[in-house]
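# What the coordinates show
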Amino acid sequence: MPKHIQDLDVKGKRVFVRADYNVPLDSESKVTDDFRIQASLPTIEYLLKQGAAVILASHLGRPKGAVIPEMSLAPVAGCLAELVQAEVKFAPDCIGQEIEKLAADLQPGQILLLENLRFHAEETNNDSEFSKQLAALADVFVNDAFGTAHRAHASNVGITEHFQEKAAGFLLMKEIEFLVQAIESPQRPFTVVMGGSKVSGKIDLLKRLAEVADNILIGGGMAFTFLSAPPLNHNVGASLVEENRLQFASDVIDLCLSKGVNLVLPSDCIAGREISEDAKAQELPIRALEDDLMGLDIGRRTVKSFEEIIESSKTVLWNGPMGVFEVTPFQQGTQAIAQKLCEITKTGATTIVGGGDSAAALKKFGLAGCVTHTSTGGGASLELLSGIDLPAFEALKGAK
Ligand code: AMP
């Protein structure tokens with residue numbers, strides 16, 4: 001394991017914190033969801049209390065090396081200042097002489113937020129000179145950005161080579177502990193609820209889950225690839241089917257059978273001919289899907305069977321919505337599962353939401369914060385749960 005932030009002596013030092021402030025902004029550049037900013041507070045508050053000067057760096061969006069004013073981190077500085085109730089100085093860039101002076105002048109107890117790292121293409125190229133310039137701003141390095149931990153970039157991998165003292169922050173550690181424990185030593189029964197549009201991108205994860213879960217419940221668009229695959233061979237109308245993943249779906253079905261994993265697929269769905277707020281939705285058994293109908297949510301019978309299994313579980317991992325929850329006619333399945341997760345959390349079960357769309361769904365239904373852990377990183381959580389090492393976490397372990 002790398003060092004934990006609490007293992008470092010940071011008093012009087014300048015600490016470079018790689019945070020994840022890749023947050024949504026509206027057309028007036030207001031932060032519309034401060035979940036990731038809130039999640040960074042334990043590390044910042046700890047460092048301030050220890051008498052460190054805190055230099056925060058992050059990316060926002062994909063400016064691809066260009067300076068795009070709409071992707072400036074300036075609005076984050078204001079939002080963060082309100083949350084920590086302290087001044088947050090804002091640097092107009094993240095490297096260069098002017099920034100080095102701002103960093104050098106920073107006093108213990110003060111916070112400086114750097115401008116978007118990805119305004120420099122060198123960030124995503126893990127450029128060694130750029131890493132060195134970032135590292136020149138501080139004495140100690142802390143990585144607390146789980147959302148980008150699956151990427152090897154200058155500010156989370158290259159930079160570590162320039163610091164003797166480096167560690168994982170509270171958020172990064174918490175994310176890793178929750179997700180690794182869920183998959184390696186869960187309290188059983190351990191149920192996985194999978195959804196979202198596609199099987200692709202979740203192949204390694206599904207294979208691994210089939211080795212460790214007690215129940216795997218599959219909803220969302222991806223369920224239709226499973227339902228179409230041998231030995232089930234359902235006709236699923238115009239629903240989303242990935243033809244090139246049918247063999248993989250069959251293999252997962254076989255693997256679950258051989259491992260005694262209870263794999264549950266939808267028996268009914270809410271179908272429509274279009275995805276829109278005023279789409280005409282009809283509830284049907286899967287076998288009744290006509291050729292021009294798409295299954296766009298799980299039906300009530302499926303919801304009930306999923307709820308019963310979730311109710312008797314001690315650990316539930318949820319990744320991906322059960323339907324097109326973004327529009328009202330197809331949101332009920334996702335909402336019902338989200339509510340059930342919150343219910344069992346209150347009675348002592350551990351519930352983990354893998355970030356991305358599932359986290360967005362929780363927020364939409366006013367249920368954010370009612371599960372045990374919501375990951376701040378969709379892609380990173382998928383890779384970690386799939387058993388893939390996260391380069392940014394590994395880099396923290398290396399000696400200078
Ligand atoms: P993913 O990025 O693969 O996790 O997929 C998330 C997206 O899947 C969401 O935007 C949902 O609208 C979409 N989705 C969920 N269920 C379905 C479905 N039955 N058909 C098409 N798209 C779906």
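Definitions and cut-offs
Residues numbered from 1 in each chain as written. Predicted model: local features only at pLDDT ≥ 70, side-chain atom pairs only at ≥ 80, totals over all residues. Heavy atoms only, no water. Domains from an automatic or database assignment. Contact = heavy atoms within 4.5 Å. Buried area = accessible area lost by both parts, 1.4 Å probe. Salt bridge = Lys/Arg side-chain N within 4 Å of Asp/Glu carboxyl O. Polar contact = N/O pair within 3.5 Å; in protein donor to acceptor, adjacent residues only side chain to side chain. Phe/Tyr/Trp six-rings, centres within 6.5 Å; stacked < 30°, edge-to-face > 60°. Helix = DSSP H or I, 4+ residues; strand = E, 2+ residues; numbered from the N terminus. Buried < 20%, exposed > 50% of the residue type's maximum accessible area, 1.4 Å probe, protein only. Arc of directions from axis to C-beta. Pairing = 2+ DSSP bridges. Right-handed = clockwise from strand over helix to strand, strands pointing away.

Quick look at the domain arrangement of the chain now. For the chain, the assigned domains read domain 1 (5-171) and domain 2 (186-385). At the interface, 11 residues of domain 1 touch 10 residues of domain 2. Contact between domain 1 and domain 2 buries roughly 810 Å² in total, counting both sides, with carbon and sulfur atoms accounting for 66%. Considering only the surface of domain 1 that becomes buried against domain 2, Phe35, Phe146 and His150 emerge as the three largest contributors, covering 63% of it. Viewed at the interface, domain 2 and domain 1 are joined by zero salt bridges. Our count for the domain 1 to domain 2 interface comes out at one residue pair in polar contact (both at pLDDT 80 or more).

Moving on, we get to the packing of aromatic side chains. Taken as a whole and judged by the stated rule, the model has three aromatic pairs. An angle of 35° between the planes, with centres 6.0 Å apart, marks the rings of Phe16 and Phe141 as tilted. With a gap of 125 residues between them, Phe16 in strand S1 (residues 14-18) and Phe141 in strand S5 (residues 140-143) connect regions that are remote in the sequence. Take Phe16: its relative accessible area is 0%, and that puts it in the buried class. Relative accessible area serves as the criterion here: at 0%, Phe141 is assigned to the buried category. Centre to centre, the rings of Phe141 and Phe163 are 5.8 Å apart; their planes meet at 20°, and the pair counts as stacked. Linking Phe141 in strand S5 with Phe163 in the loop between S5 and strand S6 (166-168), this pair joins segments that are 22 residues apart in sequence. Put simply, the rings of Phe16, Phe141 and Phe163 pair up and form one aromatic cluster.

Another point: the pattern of salt bridges. Side chains carrying opposite charge are able to pair once their charged atoms draw close together. Summed over all chains, the structure comprises 17 salt bridges. Between Lys304 and Glu308 there is a salt bridge, and its shortest N-O distance comes to 3.2 Å. Highlighted residues: Lys304 and Glu308, both in helix H10 (residues 300-311), separated by four residues, approximately one helical turn. As a salt-bridge pair, Lys340 and Glu311 come within 3.0 Å of each other at their nearest N and O atoms.

Every α-helical turn comprises 3.6 residues, leaving residues that sit three or four positions apart pointing alike. Among the residues making up helix H5 (residues 128-135), those that are buried are Phe130, Ser131, Leu134 and Ala135. In an axial view of H5, the angular spread of the buried residues amounts to 140°, which keeps them on one side of the axis. Of the surrounding secondary structure, the elements contacted by the buried residues of H5 are S1. Backbone nitrogen of Glu129 and a side-chain oxygen of the N-cap are separated by 3.1 Å at the start of H5; the cap is Asp127.

All right, on to the pairing of strand S7 (residues 190-194) then. For S7, the tally of buried residues reaches five of five residues, placing the bulk of the element in the interior. In S7, alternate side chains face the same way, and those of Phe190, Val192 and Met194 on one face and Thr191 and Val193 on the other are all buried. Relative to strand S13 (residues 315-319), S7 runs parallel, the two sharing five bridges. The partner of Val193 across the bridge, within S13, is Trp318. Assessed by its sense of winding, the connection that carries the chain from S7 through helix H7 (residues 203-212) to strand S8 (residues 215-218) is right-handed.

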